[in-house]
Amino acid sequence: NDPDAVDTRRYWTEERMFTMQQASDWDIGFAPVSGDALVKHLKGAGFDEALFEASGLFFGQGGGNRVGRDWLCRFRGRLMIPIRDINGKVVGFTARKLASTPKNDPAFEAKYVNSPATDLFQKGQLLFGLYHAKKHVSEQHPFIMVEGQLDAIRCWTEGIDQAIAPQGTAVTVEQLRILRRHCPRLICCLDGDAAGVRAALRMLPLALSVGLEVSFLTLTVGKDPDEFLRKEGKAGFEAFLQQAKGAVDFMVDQLYPKNGDLSPEALGRSQAECFEVISHSLSETTQYAMIENLAARTLHRQPLREDFVRFKQEKRGRIQRQIGRAHV
């Protein structure tokens, strides 16, 4: 109810169409425009100034010693979304730019700003909402990866509790390994643009390398799960999830020629790209099944199997030669 939070409440309720109760449910807040509000609060609560820099929540100004510096809040005039670790403890924040964000904010041009890396917050080892989603997943109800944190929160408010989101960077093998410990399946909701497809193709071999089964849903360009759910509701979104494509179908749709170029060279390049992805799986059974699916889609069964065996032999040879050169 702070008067400084007018822009925050307007953005939350009018632009994003969430309720104030939902803000309370998920501990959404705001950072005051003042650069010293949090400093005064923490000093008044008796916190040691030596922790200020380590927290990543402040910039230290002037003075060589950490204690006695002038401290400026990193986040000012922004909507604040807490980021929790797998046990539900807050370890960082994402801050969304608003009309109230001061122009002297060092990150003024950035729509979203995360806490910097700290001893507690390592983006490549955390997934937004995992502490919540892990309690709701199963083989029948896999993780659903959406792009944004507010997309994930929208999913939760609609009862789709398996939603998670990356931390604004490329998905890492460590994040996928953590997901695999809780559920063997993941549905990835993609933006329909080229960047979203490239990100998915980068993620797929990492997922295969940790034994995670990934399928893909492509959203219409310009739409996101938040908008989809507001229009179609939970039933519409769950029906949409049934259209998710498996890894091989997704690769064929994205990597094989769509412009009518069926030359041997074009098909060979597409085949090699698919082989490279499939070869990252540590399971021979999975590799064989994916090659069979690829053969069924491309109608070249026996040659495809033989080509994949040859591809793996050549790849193994390249790796061994690289290792040999490294030890010379």
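Above this text sits the structure in question.
Predicted, not measured: the structure shown is a model, and the values here were computed from it.

Conventions adopted
Residues numbered from 1 in each chain as written. Predicted model: local features only at pLDDT ≥ 70, side-chain atom pairs only at ≥ 80, totals over all residues. Heavy atoms only, no water. Salt bridge = Lys/Arg side-chain N within 4 Å of Asp/Glu carboxyl O. Helix = DSSP H or I, 4+ residues; strand = E, 2+ residues; numbered from the N terminus. Pairing = 2+ DSSP bridges. Contact = heavy atoms within 4.5 Å. Axes fitted to C-alpha atoms, helices over the stretch in contact; angles between N-to-C directions. Phe/Tyr/Trp six-rings, centres within 6.5 Å; stacked < 30°, edge-to-face > 60°. Buried < 20%, exposed > 50% of the residue type's maximum accessible area, 1.4 Å probe, protein only. Core = buried A, V, L, I, M, F, W, Y, C linked by side-chain atoms within 4.5 Å. Parallel < 35°, antiparallel > 145°, perpendicular 65-115°, else oblique. Nonpolar A, V, L, I, M, F, W, Y, C, P; charged D, E, K, R; others polar.

Colleague: Break down the pattern of salt bridges for me, with residues and values.
Modeller: For the structure on display, the rule yields 18 salt bridges. The salt bridge involving Glu49 is made with Lys43; its shortest N-O contact spans 3.8 Å. A salt bridge links Arg305 to Glu292; the nearest nitrogen and oxygen atoms lie 2.6 Å apart. Residue Arg305 is found in helix α13 (residues 301-326), and its partner Glu292 is found in helix α12 (residues 284-298); the two are separated by 13 residues along the sequence. Within the structure, one salt-bridge network assembled from shared partners comprises Arg16, Arg154, Asp226 and Arg230.

Colleague: Run through the sheet that holds strand β7 (residues 143-145), naming residues and quoting values.
Modeller: With parallel pairing, the four strands of this open sheet are ordered in space as β8-β7-β9-β10. This sheet does not close on itself; its edge strands, each paired only once, are β8 (163-164) and β10 (213-218). Summarising the sheet, β7 and strand β9 (residues 185-190) pair through three bridges and their orientation is parallel. Within β9, the position partnered with Met145 by the bridge is Cys188. Relative to β10, helix α8 (residues 194-209) is tilted by about 170 degrees, and along the sheet it contacts β7, β9 and β10.

Colleague: Before we move on, can you summarise the packing of aromatic side chains with the specific residues and values?
Modeller: Tallying each qualifying case throughout the model produces 12 aromatic pairs. Seen from their ring centres, Phe52 and Trp71 are 5.6 Å apart, and the 65 degrees between their planes marks the pair as edge-to-face. Taken together, the positions of Phe52 in helix α4 (residues 50-55) and Trp71 in strand β3 (residues 70-73) put the pair 19 residues apart, joining distant regions of the chain. Here Phe52 matches Trp71 in class, with each residue buried. Each ring, one from Phe216 and one from Phe250, has its centre 4.2 Å from the other, and the planes form 20 degrees; the classification is stacked. Note that Phe216 is positioned in strand β10 and Phe250 in helix α10 (residues 247-255), a separation of 34 residues in sequence. Chaining the aromatic ring pairs together yields one cluster made of Trp26, Phe128 and Trp156.

Colleague: Can you lay out the nonpolar core for me, pointing to particular residues and giving the numbers?
Modeller: Judged by nonpolar contacts, the single largest core of 43 residues is most densely connected at Leu179 and Leu186. Setting aside residues no more than four positions away along its own chain, Leu179 makes contact with Leu127, Leu130, Phe143, Met145, Ile164, Leu186 and Leu212. Among the nonpolar cores identified, the runner-up in size contains 34 residues, and Ile153, Trp156, Phe228 and Phe240 belong to it.

Colleague: Please set out the sheet that holds strand β5 (residues 90-97) residue by residue, giving values where relevant.
Modeller: Strands pair in a sheet through their backbones, by hydrogen bonds, and they do so in one of two ways: parallel or antiparallel. Taken in spatial order, the four strands line up as β1-β4-β5-β6 in an open sheet, and their pairing is antiparallel. The open sheet is flanked by β1 (29-31) and β6 (112-114), the only strands paired with a single partner. When the angles between neighbouring strand axes are averaged without regard to direction, this sheet yields 35 degrees. Running at roughly 70 degrees to strand β4 (residues 78-84), helix α1 (residues 6-15) makes contact with β1, β4, β5 and β6 of the sheet. Sheet strands in contact with helix α6 (residues 149-157) are β4, β5 and β6, and its direction is about 70 degrees off that of β4.

Colleague: Give me the packing of α6 against helix α9 (residues 225-241): which residues, what numbers.
Modeller: The contact between α6 and α9 brings their axes to 8 Å, and the two run at 25 degrees. Taken together, the axes of α6 and α9 lie roughly parallel to each other. Across the interface between the two elements, Asp151, Arg154 and Cys155 of α6 pack against Pro225, Asp226, Leu229 and Arg230 of α9. Along the lines of polarity and charge, the residues of the contact of α6 with α9 split into three nonpolar, no polar and four charged.

Colleague: Before we move on, can you summarise the environment of Gln125 with the specific residues and values?
Modeller: Position of Gln125 relative to the elements: it lies in the loop between β6 and α5 (130-133). Separated by 49 residues in sequence, Gln125 and Glu174 have C-alpha atoms that sit 6.0 Å apart. For Gln125, the residues in contact, after removing those within four places along its chain, are Glu174, Gln175 and Ile178.

Colleague: Please give an account of the pairing of β9 that cites residues and values.
Modeller: With five of six residues buried, β9 lies mostly within the body of the structure. Where β9 and β10 come together, six bridges link them in parallel fashion. Looking at the pairing, Arg185 lines up with Glu213 of β10.

All we've got here are geometric facts, nothing functional implied.
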